[in-house]
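# Structural features, examined
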Amino acid sequence: MLMYQIKNFCIIILQDIRIYEGEMNINENYLNLEQSYLFSTVARKVNEFAKNNPDKKIIRLGIGDVTLPLCKAVIDAMHKAVDEMAKQETFRGYGPEQGYDFLQNAVKNYYKKRSVELEISEIFISDGAKSDLGNILDLFSKDNTVLVPDPVYPVYVDTNIMAGRKVVFANANGENGFLPMPDLSQKVDIIYICSPNNPTGAVYNKEQLKQWVDYAKSINAIILFDAAYECFVSDENLPKSIYEIDGAKDCAIEFCSLSKTAGFTGTRCGYTIVPENLDKLNKFWLRRQTTKFNGVPYIIQRGAEAVFSDNGQKEIKENIEYYKENAKTISQTLDECGIWYTGGKHSPYIWLKCPNNMTSWEFFDYLLENIQVVGTPGSGFGKNGEGYFRLTSFGSKENTIEAMKRFKTLFKK
Ligand SMILES: *Cc1c(COP(=O)(O)O)cnc(C)c1O
């Protein structure tokens, strides 16, 4: 009995020691994130220049955000929804985590117009593509290897580094028109594709996407397809959704957002498609969302529904056309100056090769000093972005025209 008591006493002491010796561990993967100085450096340089040259008008073509207001159809629908929330009979509390069926149905019909059939259970409404692109990684093991194009939207790399996953890169460059194709000898588990691309504006055609789908299926990988700019695609033959490609429902999850297509960057609504064919992933995503997410506000979902109405579609197309006119102004100028670029046709972004072999930051300084036009240095989006530069069409028409007039004074041959 005494031995027993001593033994128990020792166990308690040992357990205590273990508690006190044990350390609280935090996710140190965050220390592996590279600090991005891109936009802060741009802002600092622009502010310094403005302070020293108060008489010079600076034009910003580096904007990565929409500038036109929400369209009338959306505003009307949201006003109506606000009024519903004010009455007890029509008030709404928690909604379904995966979205109201009125919005899921609107998305379903939107895809149907492009001959893509979706089940309601495959459509998940969210507060935007960025959070879903990060959150989807909850469903994958840390041991997976991830393939990310370079240059690209920084969220893909950073969310995987936070989870401690190994990231390898697919090189996008002038030779492949910034549309890298699969390296069949490479074994990866998760593949990111962004088309139309941010920052390059490059768009895959159906044959190219088919190669990615076939490759993913052959190595049993998942494609995470970011279609945030699908609305900018205006050529019927170019794919807006990866599900326009045979076999994609067996290997691809698609992320879409109303941010760039309907001016929802501050309003927040998107949708993610997880096909039933990806059996476990579809079920796990539903489980993940119902556990960690409580849905998009009713008022916002009514606004989003209106985007897909006939009026809504007409009105958002007018906004997109406005941006695309700006893109045309920029690309015509680059043509006249004999400067190589991609994008601008099916995308709000124009990605150009810096003239005279300047580096991205040299070109940034050169434009700011000489013509007071601000863009985004390509090197901030990945190592292959060095020597390139991003201009966006999200500015006003007048400013874009003025900026390009100035541009020609420097580079027109
Ligand atoms: C802007 C953007 C998004 C959209 O993000 P939201 O969270 O929906 O605003 C997604 N992917 C890319 C590549 C983008 O540029």
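A quick note: this is a predicted structure, and the numbers were derived from the prediction, not measured.

What counts, and at which threshold
Residues numbered from 1 in each chain as written. Predicted model: local features only at pLDDT ≥ 70, side-chain atom pairs only at ≥ 80, totals over all residues. Heavy atoms only, no water. Near = heavy atom within 4 Å. Polar contact = N/O pair within 3.5 Å; in protein donor to acceptor, adjacent residues only side chain to side chain. Areas by Shrake-Rupley, 256 points an atom, 1.4 Å probe, with all protein chains shown as cover. Helix = DSSP H or I, 4+ residues; strand = E, 2+ residues; numbered from the N terminus. Nonpolar A, V, L, I, M, F, W, Y, C, P; charged D, E, K, R; others polar. Core = buried A, V, L, I, M, F, W, Y, C linked by side-chain atoms within 4.5 Å. Buried < 20%, exposed > 50% of the residue type's maximum accessible area, 1.4 Å probe, protein only. Domains from an automatic or database assignment. Contact = heavy atoms within 4.5 Å. Buried area = accessible area lost by both parts, 1.4 Å probe. Salt bridge = Lys/Arg side-chain N within 4 Å of Asp/Glu carboxyl O. Pairing = 2+ DSSP bridges. Axes fitted to C-alpha atoms, helices over the stretch in contact; angles between N-to-C directions. Right-handed = clockwise from strand over helix to strand, strands pointing away. Parallel < 35°, antiparallel > 145°, perpendicular 65-115°, else oblique.

What follows covers the site of the ligand. In the neighbourhood of the ligand, 14 residues make up the surrounding shell, with Asp226, Tyr229, Ser257, Ser259 and Lys260 lying closest. Contact distances for the ligand include 2.8 Å between an oxygen atom and a side-chain N or O atom of Asn198. Within the contact set of the ligand, a nitrogen atom lies 2.6 Å away from a side-chain nitrogen or oxygen of Asp226. The fraction of the free accessible surface of the ligand (390 Å²) that becomes covered by protein chains is 94%. Mapped by element, the contributors of at least two residues to the shell around the ligand are helix H5 (129-135) and helix H8 (259-262). Here the shell around the ligand is built from residues that sort into six nonpolar, four polar and four charged.

Core analysis: the largest hydrophobic core is formed by 73 residues, its most contacted members being Ile191, Ile223, Ile242 and Tyr271. In terms of residue count, helix H4 (residues 101-112) provides more of this core than any other element does, six residues in total. Residue contributions to this core reach at least three from each of two domains, namely domain 1 (31-69 + 312-411) and domain 2 (72-309). In terms of nonpolar packing, the next biggest core, distinct from the first, is built from 29 residues, Leu61, Val374, Leu391 and Ala403 among them.

With that out of the way, let us pick up the domain arrangement of the protein. When the domains of the protein are assigned, the result is domain 1 (31-69 + 312-411) and domain 2 (72-309). Counting from both sides, the interface comprises 29 residues of domain 1 and, opposite them, 39 residues of domain 2. Carbon and sulfur atoms supply 61% of the area buried between domain 1 and domain 2, which totals about 2,800 Å² over both sides. The interface formed by domain 1 and domain 2 includes zero salt bridges. At the boundary of domain 1 with domain 2, the tally comes to 16 residue pairs in polar contact (both at pLDDT 80 or more). Among the elements of the structure, helix H11 (310-337), strand E9 (341-343), strand E10 (349-353) and strand E13 (388-392) are those that each provide at least two residues to the side of domain 1 that touches domain 2. Sort the elements by how many residues they give to the side of domain 1 that touches domain 2 and H11 lands first, with seven residues. Of the residues that constitute the side of domain 1 that touches domain 2, the class distribution is twelve nonpolar, eleven polar and six charged.

Here we take up the pattern of salt bridges. Evaluation of the coordinates by the stated rule reveals 16 salt bridges. The residue Lys72 makes a salt bridge to Asp76 at a minimum N-O spacing of 2.7 Å. Of this pair, Lys72 and Asp76 both sit in helix H3 (residues 72-85), four residues apart, which is roughly one turn of the helix. Residue classification places Asp76 among the partly exposed positions, given a relative accessible area of 38%. Across the pair Arg288 and Asp138 runs a salt bridge whose closest N-O atoms are separated by 3.0 Å. Separated by 150 residues along the polypeptide, Arg288 in helix H9 (residues 279-292) and Asp138 in the loop between H5 and strand E3 (145-150) bring together distant segments of the chain. Connected via shared salt-bridge partners are Asp138, Arg288 and Lys292.

Another aspect to go through is the sheet that holds strand E12 (residues 376-377). Reading across from one edge, E9-E10-E13-E12 is the order of the four strands in this open sheet, with antiparallel pairing throughout. Two strands in the sheet have a free side with no partner beyond their single neighbour: E9 and E12. As defined by bridge partners, E12 adjoins E13 across two bridges and the pair is classed as antiparallel. Across the sheet, Pro377 pairs through a bridge with Phe389, a residue of E13. Running at roughly 15° to E10, H11 makes contact with E9, E10 and E13 of the sheet.

Once that is clear, we can look at the pairing of strand E4 (residues 166-171). Two elements, E3 and E4, share six bridges in a ladder whose sense is parallel. Each bridged residue has a counterpart across the sheet, and for Val146 the counterpart in E4 is Val167. For the handedness criterion, the β-α-β arrangement of E3, helix H6 (residues 155-162) and E4 is classed as right-handed.

So, on to the packing of H11 against helix H13 (residues 397-411). At a minimum axis distance of 10 Å, the contact between H11 and H13 shows a crossing angle of 5°. One finds that H11 runs roughly parallel with respect to H13. Contacts from Tyr322, Asn326, Thr329, Ile330, Thr333, Leu334, Glu336 and Cys337 in H11 reach Lys397, Glu398, Thr400, Ile401, Met404, Phe407, Lys408 and Phe411 in H13. Looking at the contact of H11 with H13 residue by residue, the classes come out as eight nonpolar, four polar and four charged.

Spatial ordering of the open sheet is given by E2-E8-E7-E6-E5-E3-E4, a layout of seven strands whose pairing is mixed. Each edge of the open sheet is held by one strand with a lone partner, namely strand E2 (123-126) and E4. Neighbour-to-neighbour, the strand axes of the sheet open up by a mean angle of 20°, direction not taken into account. Bridge count between strand E5 (residues 190-194) and strand E6 (residues 222-226): five bridges; the pairing is parallel. Bridge pairing links Ile190 to Ile222 in E6. Lying on the sheet, H4 is in contact with E2, strand E7 (252-257) and strand E8 (270-273); it crosses E2 at an angle near 120°.

All right, on to the environment of Ser379 then. Summarising the element assignment, Ser379 is placed in the loop between E12 and E13. In this structure Ser379 comes out as partly exposed when scored by relative accessible area, which is 23%. C-alpha separation for the pair Ser379 and Arg390, spaced eleven residues apart in sequence, amounts to 9.8 Å. Setting aside anything within four residues of it in sequence, one finds Ser379 in contact with Ser360, Trp361, Gly385, Glu386 and Tyr388.

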